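# Commentary on secondary and tertiary structure
Listed here are the chains, written in short residue letters.
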Amino acid sequence: MWRRAVTAALSLGAGAGAVAVASSEDPAATLKVCTHVPPRLLRDSVTAATIAADYQWSLWGLEPGTPAWQSAKHDAHLRSANRLQELCFRNGGIYIKLGQHIAQLEYVVPEEYVQTMRESMLKRCPVSSYEEVRGVFAKDLGESPETFFAEFDPVPLASASLAQVHAARTHDGQKVAVKVQHDHLTDTSVVDIATVDLLVNALHYIFPTFDYRWLVDEVRESAPKELDFLNEAKNSEKCLDNFRRLSPHIAGSIYAPKVYWNLSTSRILTMEFMDAKEVTDVHGIKAIGIHPVDVSNLVSKAFAEMIFKHGFVHCDPHAANMMIRPMPQDSGKFFGWKRPQLVLLDHGLYKELDYTTRISYASLWKALVFADAKAIKENSVKLGAGEDLHALFAGVLTMRPWQRVIDPSLDHLVLDRKTTDYSELQNYASLYFSEISELLRRLPRVILLMLKTNDCLRAVNHALVGGTSLESFMIIGRVSSEAVLDAKRMSNRSFLNRLMIWLEEVMLEARFFGFKLMLCFMQFRKLLPS
């Protein structure tokens, strides 16, 4: 079966490649791209067949749920994750982006895959040669980088799955960062997505519970947008405009680099150079006089505002895409610490939540923070999880077992990675693999991207404060509650409705005031000798 599938795939790829070369405006470049197609298809087919055979052979004759089955499944996950990692690196481009997606889906895919991808996908990205960079400039702007810049460092500052960044200086002396797309990605992305689709569908055919076709659909939708750097530049400006209009109280604390439009194209993005620290560089952040807790709180506020109030969300907030610097022209300090400013980078992947989804999601998070089991179920159903999987949905969102989710204690959602709860959750995806697959199939894709965003932010908070902090959940609770109240104000403007909303707001403030008092007491107790 696999031999026939491979032969058919290669024949189809060869035929499509011949048509593409014949009809292309640049036959030489298209031929170069098409020569990569057969080996990619072959590698995909071999990897899919090997992974499928490994699972079938490893678990053959073992009783599901037994220690022997669990051990064999763990080993098969680990071997398969390494094979998938190698495939991503050998094929490059969109495959690495897919690997990065997997690395940020903690507890949604098996832990072995997450850890394998997370250890490598952000560190071993391809690097284009300077001649390839010059080629992109020649095609897009008609001249080499030296024509447009007084200085241009041929050695990139950093490289990612889709592009790399070079330091440069404009002719008027401004230091800039120039993001240059890896050559031919625009051409190969369609083929890459098609071959990934083949791989995932083949695995789903063999293992019906393995249904990650939604991930391919998401990459298919997002890749063209991420490959268009002018779209990225527009997103960065829209993001800042949303903060100025809808969240003016923290707008000054959020920044995105200025775009040099005259030096930018769909594959070249020239931006203001940012002298700042990576968001998870705790020692560097302290060295510039900023407290990591303040950074954690600011990141939580920024994304809570984007998700619950703006409905326009940066969906790739991993550590390399966020930087921290002191607030410009701000001499004020709080207990000796400077106020932080969050610099957001890489605005290629944004998602818009429609009004109904945004308010339902805000209502769900409000219910999660206040441990309101009835409202959790009601809003989970509205978002598509269903009555039978609402508890699992709550667990995936919070990384807490259901009994902890509905626990009325103040710190019921706080996850300390040193506790046994974290060890239990590391096996979440393996224990509930088929249920999670069904949940992901039901949820709107925009909510799936919110899950990825949550995981990225959780990893950042862990690096800053050693876990999910109580303050971050209080921020989420406040902002989600404000969004729900705003929606109620808009739906009914009668005097009685305004009075009821005012009373609800007063009760909410009283509740958060009580939370603050309890938080201060808990922090005071930590300072006392044991």
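Residues numbered from 1 in each chain as written. Predicted model: local features only at pLDDT ≥ 70, side-chain atom pairs only at ≥ 80, totals over all residues. Heavy atoms only, no water.

## Considering the overall build of the protein
Keep this limit in mind: Helix and strand assignments come from DSSP, with helices taken as H or I runs of at least 4 residues and strands as E runs of at least 2, each series counted from the N terminus. Burial classification: accessible surface area is computed with a 1.4 Å probe over protein chains only, and a residue below 20% of its type maximum counts as buried, one above 50% as exposed, and the rest as partly exposed. Per-residue and other accessible areas follow the Shrake-Rupley method at a 1.4 Å probe size, with only the shown protein chains counted as cover for residues.
Helix and strand content of the protein: 23 helices and 13 strands. Within the protein, the fraction of its 530 residues that count as buried is 53%. Counting only carbon and sulfur atoms, one obtains 58% of the accessible surface of the protein, whose full area is about 24,700 Å².

## A closer look at the pairing of strand S4 (residues 175-181)
Here is the rule we go by: DSSP bridges decide pairing: two strands pair if at least two such bridges lie between them.
Counting buried residues in S4 gives six out of seven residues, a clear majority hidden from the surface. Joining the antiparallel neighbours strand S3 (residues 163-169) and S4 is a turn of five residues, in which Gly173 adopts a positive phi near 90 degrees. One ladder, built from five bridges, connects S4 with strand S6 (residues 268-272); its direction is antiparallel. Paired with Ala177 across the bridge in S6 is Met271.

## A word on the nonpolar core
The cut-off we apply is this: For our purposes a nonpolar core is just a set of buried Ala, Val, Leu, Ile, Met, Phe, Trp, Tyr and Cys residues, chained together by side-chain atoms within 4.5 Å. Any pair of residues with heavy atoms lying within 4.5 Å of one another is described as a contacting pair.
In terms of nonpolar packing, the biggest core is built from 90 residues, with Phe308, Tyr361, Leu368, Phe393 and Met450 touching the most fellow members. When residues in this core are grouped by element, the largest group, nine residues, is from helix H22 (residues 470-491). Among all residues touching Met450, those that are not within four sequence positions of it are Ile307, Val313, Cys315, Lys351, Leu353 and Tyr361.

## Considerations on the side chain of Ser360
Tracing the sequence through the fold places Ser360 in helix H14 (residues 355-369). Classification of Ser360 by relative accessible area gives buried; the value is 8%. Beyond its immediate stretch of four places on either side in the chain, Ser360 contacts Asn379, Lys382 and Leu383.

## Topic: the packing of helix H13 (residues 292-310) against helix H21 (residues 445-465)
This is how the line gets drawn: Here, axes are lines fitted to C-alpha atoms. For helices the fit covers the stretch in contact, and angles between N-to-C directions go from 0 to 180 degrees. Every angle not falling under 35 degrees, over 145, or within 65 to 115 is termed oblique; those three ranges are roughly parallel, roughly antiparallel and roughly perpendicular. Handedness of a helix crossing follows the sense of rotation of the near helix relative to the far helix, less than a right angle counterclockwise being left-handed and clockwise being right-handed. Ten residue types, Ala, Val, Leu, Ile, Met, Phe, Trp, Tyr, Cys and Pro, are classed as nonpolar, four, Asp, Glu, Lys and Arg, as charged, and the remainder, Gly among them, as polar.
Orientation of H13 relative to H21, taken along the N-to-C sense of each, is 170 degrees, at an axis distance of 9 Å. Looking at the two axes, H13 sits roughly antiparallel to H21. At the point where H13 passes H21, the crossing takes the left-handed sense. Residues Pro292, Val293, Val295, Ser296, Val299, Ser300, Phe303 and Ile307 of H13 pack against Met450, Thr453, Leu457, Asn461, Leu464 and Val465 of H21. Tallied by class, the residues present in the contact of H13 with H21 amount to ten nonpolar, four polar and no charged.

## Focus on the sheet that holds strand S12 (residues 340-344)
Reading across from one edge, S5-S12-S9-S7 is the order of the four strands in this open sheet, with mixed pairing throughout. Taken across any chain shown, the strands that pair with only one partner, and hence form the sheet edges, are strand S5 (254-255) and strand S7 (277-278).

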